[in-house]
Amino acid sequence: MARSARPHAREQAGDATAAGASQRRFRIWAAVSGIVAAGVFLAAAELAALLVARDGSPILAVGAFVIDIVPQPVKEFAIAAFGAYDKVVLLGSLGIAVLVASAIAGVLQFARPPLGSVALGIAGALSLAAIVTRAGATPLAWVPPVVGAAAGIVILELLVRRLRAWAGDVRTADAAASVADTAPDGVAPDEATARAGVDRRGFFALAGIAAASAFVVGVGSRVVAAATSSIDAIREALRLPAPRSTVTVPTGAELDLPGLTPLYTPNADFYRVDTALTVPEVDPATWRLVIDGLVGRRVELTFDQLVGMGLDEYSITLTCVSNEVGGDLLGTAKWVGVPIRDVLALAGPQSGADMVLSRSVDGFTASTPLDALTDPGRDAILAVGMNGEPLPLEHGFPVRMVVPGLYGYVSATKWLTELKVTTFAADEAYWTPRGYSAEAPIKFSSRIDTPRSGTPVAAGSAVIAGVAWAQTVGIERVEVRIDDGDWQPATLSAPVNVDTWVQWYLEWEATPGTHYVTARAVNRDGELQVEERAPIAPDGSTGWQRVLVTVT
């Protein structure tokens with residue numbers, strides 16, 4: 001008896017192992033079903049967005065929502081680690097999250113229907129909430145997530161139904177083969193196996209068609225949306241009036257030194273930090289700027305009316321509050337625009353107002369001190385041009401704010417649509433509740449461009465060079481120290497104005513070994529650049545940059 005039981009036990013163990021492997025296989029295909037269904041969800045939503053509401057893309061709306069709720073330290077890390085690619089990383093991370101969540105939904109639908117469909121429905125509801133609560137959402141923005149969720153649920157139901165039928169036939173065939181010529185329900189093994197083959201082919205056919213369709217429709221919708229966008233063509237065709245005044249760049253303002261940042265930053269290289277996951281598309285023909293709040297009268301300007309007030313050219317360096325010591329989140333451009341004080345004068349700000357809350361078409365807001373915008377000695381402008389052309393789309397086309405001396409998060413609103421005259425006590429802007437100061441004057445600083453750490457320098461005659469900035473005040477001098485030696489005055493370029501950075505350089509007789517190079521600036525008020533290191537929050541970093549240089 002014992003001898004005959006051992007083969008039977010091994011047989012049962014083998015059946016259990018085979019059954020477990022079969023279950024794992026079907027769970028994998030269930031996960032694939034969830035991923036395909038999610039792809040259909042997104043593709044159908046993108047198609048609906050293309051047809052009826054281009055602001056209704058679920059993944060972009062959810063991405064924008066994530067940008068809004070991400071904690072301040074995470075934002076700072078993303079900007080520091082990925083720079084201009086932070087939004088690409090965000091979209092990639094969202095894609096991975098969607099992939100994992102949809103796989104789980106597929107397994108749930110296979111194991112405990114209709115939990116997977118419920119999960120897709122919840123995803124649709126969350127997407128819907130993210131879309132309709134965004135600033136400027138159109139009346140039909142709800143359509144894409146609803147259509148997408150419905151399509152995804154239908155495909156998930158169909159795929160998992162076929163998968164469950166396939167799994168059932170496999171179990172029936174296995175049972176029939178292991179106990180007798182027929183399964184307990186009277187189905188012959190060959191018949192069950194044949195049915196399993198039919199269900200398997202049906203599942204793979206449906207999954208393949210759905211996945212291919214989702215890819216073609218989803219990618220096609222995105223491509224068509226980009227191709228049919230007329231904003232690029234409108235911008236290319238736009239001809240701004242010649243400015244009444246232009247910037248005079250003095251001789252010696254630009255030092256021609258290898259490795260030194262150019263005086264004016266090309267548009268393609270200009271830093272970009274904002275909360276827009278995708279670049280807003282605003283037609284100048286339909287653009288409107290509203291000035292309201294604590295004003296004598298509400299004013300609404302068209303693009304032509306704004307430009308008709310007269311354009312002038314300005315040379316201004318912009319700085320992001322996220323710029324670390326020695327960082328590159330700043331740049332200089334020749335801007336063309338209209339003084340904000342002239343625009344506000346049309347509405348007549350009331351006494352008691354001390355802040356202007358500017359608003360972007362994507363809902364971003366910035367709190368700018370009113371006196372910084374009305375000061376006749378400060379060139380705060382509504383810019384429409386940048387380095388000789390209309391504003392690039394990613395830099396605020398058709399209109400943005402440029403305010404010298406204030407960090408961008410309180411002054412440089414892109415895709416501008418509203419100026420609300422108010423008070424700091426009554427209103428707060430996007431970044432204020434996220435841990436940043438409501439008012440943020442730029443802390444003047446200096447940067448070493450060359451030599452760089454990690455790049456050896458040949459012994460002998462060398463040049464240390466960089467830039468320094470103190471918007472609205474100006475740079476008096478830059479000093480450089482080698483190791484623990486004396487501070488040496490650097491040679492400055494001829495300043496364009498107090499709002500534009502200056503270049504500087506120091507000739508150095510480099511000796512072999514490793515050396516620390518430190519730079520500091522002094523502004524025209526006689527103030528020395530702060531030596532103590534401070535983080536970017538809540539109102540900008542401080543500290544002297546110190547570079548380790550290897551001389552060979």
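These numbers come from a predicted model, not from an experiment.

Asks: For this particular structure, what's the right way to read the pattern of salt bridges?
Replies: Two side chains carrying opposite charge are able to pair once their charged atoms lie near each other. With the rule as written, the count across this model stands at 13 salt bridges. The salt bridge partner of Glu-236 is Arg-235, with a shortest N-O separation of 3.5 Å. Classification of Glu-236 as exposed rests on a relative accessible area of 53%. Exposure remark for Arg-235: the relative accessible area of 9% places this residue in the buried category. A salt bridge links Lys-414 to Asp-274, with the shortest nitrogen-to-oxygen separation between them at 2.9 Å. With Lys-414 in the loop between strand E9 (400–402) and strand E10 (416–422) and Asp-274 in the loop between helix H8 (231–237) and strand E1 (288–293), this pair connects stretches of sequence that are 140 residues apart. In this structure, Lys-414 and Asp-274 share a single accessibility class: buried.

Asks: I'm lost on unusual backbone geometry in this one. Help?
Replies: Trans is the prevailing form of peptide bonds, just as negative phi is the prevailing case for residues other than glycine. In this model, Pro-113 is joined to Pro-114 through a cis peptide bond whose omega is 5°. Inspection of the secondary structure puts Pro-114 in the loop between helix H4 (86–111) and helix H5 (115–132). Here Thr-450 and Pro-451 are connected by a cis peptide whose omega angle stands at 0°. Positive phi, normally seen in glycine, also occurs at Trp-415, with a value near 50°. Within the secondary structure, Trp-415 sits in the loop between E9 and E10. In this structure, Thr-472 is a non-glycine residue whose phi angle is positive, near 75°. Here Thr-472 lies in the loop between strand E12 (460–469) and strand E13 (475–482).

Asks: Hey, could you run me through helix H10 (residues 340–347) in this one?
Replies: Count 3.6 residues to each turn of an α-helix, and residues three or four apart come out pointing the same way. All of the buried residues along H10 are Ile-340, Val-343, Leu-344 and Ala-347. Projected down its long axis, H10 shows its buried positions confined to an angular sector of 95°, all on one face. Where H10 ends, the next residue or the one after it, Gly-348, has phi of about 75°, a positive value.

Asks: Got a minute to help me understand empty space enclosed by the protein in this structure?
Replies: Where empty space is left in the structure can be found by rolling a water-sized probe over the atoms. Summed over all chains, the structure comprises one cavity of 30 Å³ or more. Reported here for the largest cavity is a volume of approximately 40 Å³. Together, Ala-468, Trp-469, Ala-470, Gly-474, Ile-475, Pro-495, Asn-497, Val-498, Thr-500, Trp-501, Val-502 and Arg-524 line the largest cavity. Grouping the amino acids of the lining of the largest cavity by side-chain chemistry returns eight nonpolar, three polar and one charged.

Asks: What's the story with the sheet that holds strand E17 (residues 513–523) in this structure? I'm lost.
Replies: Read from one edge of the open sheet, four strands run E14-E13-E17-E18, paired in antiparallel fashion. Across the chains shown, the open sheet's two edge strands, defined by having one partner strand only, are strand E14 (488–489) and strand E18 (545–551). Looking at chain direction, E17 and E18 are connected through seven bridges and run antiparallel. Paired with His-515 across the two strands is Val-549, which belongs to E18.

Asks: Before we go on, may I ask you to explain the pairing of E10 in this structure?
Replies: Among the seven residues that make up E10, five are buried, leaving the element largely enclosed by the rest of the structure. The pairing of E1 with E10 spans four bridges and is classified as parallel. For Asp-292, the partnering residue across the bridge sits in E10 and is Lys-420.

Asks: Is there a simple way to explain the packing of helix H2 (residues 58–69) against H5 in this structure?
Replies: Geometry of a packed helix pair, given as the angle between the helix axes and the separation of the axes. Look at H2 against H5: their axes get within 8 Å of each other, and the N-to-C directions meet at 70°. When the axis of H2 is compared with that of H5, the two are roughly perpendicular. As H2 runs across H5, the sense of the crossing is left-handed. Contacts between H2 and H5 pair Pro-58, Ala-61, Val-62 and Phe-65 from the former with Ser-127, Ala-130 and Ile-131 from the latter.

Asks: Would you explain the packing of aromatic side chains in this entry?
Replies: Any aromatic ring pair is given by two values, namely how distant the centres are and how the planes are angled relative to each other. For the structure on display, the rule yields 15 aromatic pairs. Ring geometry for Phe-26 and Trp-166: centres 4.9 Å apart, planes at 85°, overall edge-to-face. In this pair, Phe-26 sits in helix H1 (residues 2–52) while Trp-166 sits in helix H6 (residues 143–179), placing the two residues 140 residues apart along the sequence. By relative accessible area, which is 1% here, Phe-26 ends up buried. Taking relative accessible area as the criterion, Trp-166 reaches 3% and is therefore assigned buried.

Asks: Is there a simple way to explain H2 in this structure?
Replies: With 12 residues, H2 extends 16 Å from end C-alpha to end C-alpha; this agrees with the ideal 16 Å at 1.5 Å per step. Residues Pro-58, Leu-60, Ala-61, Gly-63, Ala-64, Val-66, Ile-67 and Asp-68 constitute the buried set of H2.

Asks: Which parts of the structure should I look at to understand the sheet that holds strand E2 (residues 299–302)?
Replies: In sheet architecture, strand pairing relies on hydrogen bonds along the backbone and comes in two forms, parallel and antiparallel. Here five strands make up an open sheet; going across it, the order is E2-E1-E10-E5-E6 and the pairing mixed. Where the open sheet ends on each side, the last strands, each with one partner, are E2 and strand E6 (365–369). Here the average twist between neighbouring strands, direction ignored, is 20°. Across six bridges, the pairing between strand E5 (residues 355–360) and E10 is antiparallel. When the sheet's bridge partners are listed, Met-355 is paired in E10 with Thr-422.

Asks: Looking at this structure, how should I read the confidence of the model for the chain?
Replies: Any residue range with low pLDDT should be treated as having predicted coordinates unsuitable for detailed reading. For the chain, the average pLDDT comes to 89, and 90% of its residues sit at 70 or higher. Overall, residues 1–5 carries pLDDT values under 50, and its contacts beyond four positions in sequence, including any with other chains, amount to zero contacts.

Asks: I'm lost on a nonpolar patch on the surface in this one. Help?
Replies: Judged by side-chain polarity, Leu-47, Leu-51, Val-52, Val-132, Leu-140, Trp-142, Val-146, Phe-215, Val-216, Val-217, Val-219 and Val-223 come together as a nonpolar surface patch covering roughly 1100 Å² of accessible area. Of all the secondary-structure elements, those providing two or more residues to the nonpolar patch are H1 and helix H7 (189–228). For the nonpolar patch, the element with the most residues is H7, which contributes five residues. The topology assignment puts Leu-140 in the loop between H5 and H6.

Asks: Looking at this structure, how should I read the environment of Gln-471?
Replies: In this structure, Gln-471 sits in the loop between E12 and E13. Among the residues examined, Gln-471 registers a relative accessible area of 6% and is labelled buried. Measuring from C-alpha to C-alpha, the distance between Gln-471 and Asp-499 comes to 4.2 Å, with 28 residues separating the pair along the chain. Discounting residues that sit within four places of it in the chain, Gln-471 has contacts with Thr-317, Leu-318, Thr-319, Pro-404, Gly-405, Ile-442, Val-498 and Asp-499. Separated by 3.0 Å, the side chain of Gln-471 and the backbone oxygen of Thr-317 make a polar contact.

Criteria and cut-off values
Residues numbered from 1 in each chain as written. Predicted model: local features only at pLDDT ≥ 70, side-chain atom pairs only at ≥ 80, totals over all residues. Heavy atoms only, no water. Salt bridge = Lys/Arg side-chain N within 4 Å of Asp/Glu carboxyl O. Buried < 20%, exposed > 50% of the residue type's maximum accessible area, 1.4 Å probe, protein only. Helix = DSSP H or I, 4+ residues; strand = E, 2+ residues; numbered from the N terminus. Arc of directions from axis to C-beta. 1 Å grid on protein atoms, 1.4 Å probe; cavity = no way out; pocket = protein on both sides within 12 Å on 5 of 7 lines; lining within 4 Å. Points joined across faces, edges and corners; volume = space filled by probe spheres on them. Nonpolar A, V, L, I, M, F, W, Y, C, P; charged D, E, K, R; others polar. Pairing = 2+ DSSP bridges. Axes fitted to C-alpha atoms, helices over the stretch in contact; angles between N-to-C directions. Parallel < 35°, antiparallel > 145°, perpendicular 65-115°, else oblique. Left-handed = near helix turned anticlockwise from the far one by under 90°. Contact = heavy atoms within 4.5 Å. Phe/Tyr/Trp six-rings, centres within 6.5 Å; stacked < 30°, edge-to-face > 60°. Expected span 1.5 Å × (residues − 1). pLDDT = per-residue confidence, 0-100. Patch = residues over 30% accessible without salt bridge, like charges linked within 9 Å, V, L, I, M, F, W, Y side chains within 5 Å. Areas by Shrake-Rupley, 256 points an atom, 1.4 Å probe, with all protein chains shown as cover. Polar contact = N/O pair within 3.5 Å; in protein donor to acceptor, adjacent residues only side chain to side chain.

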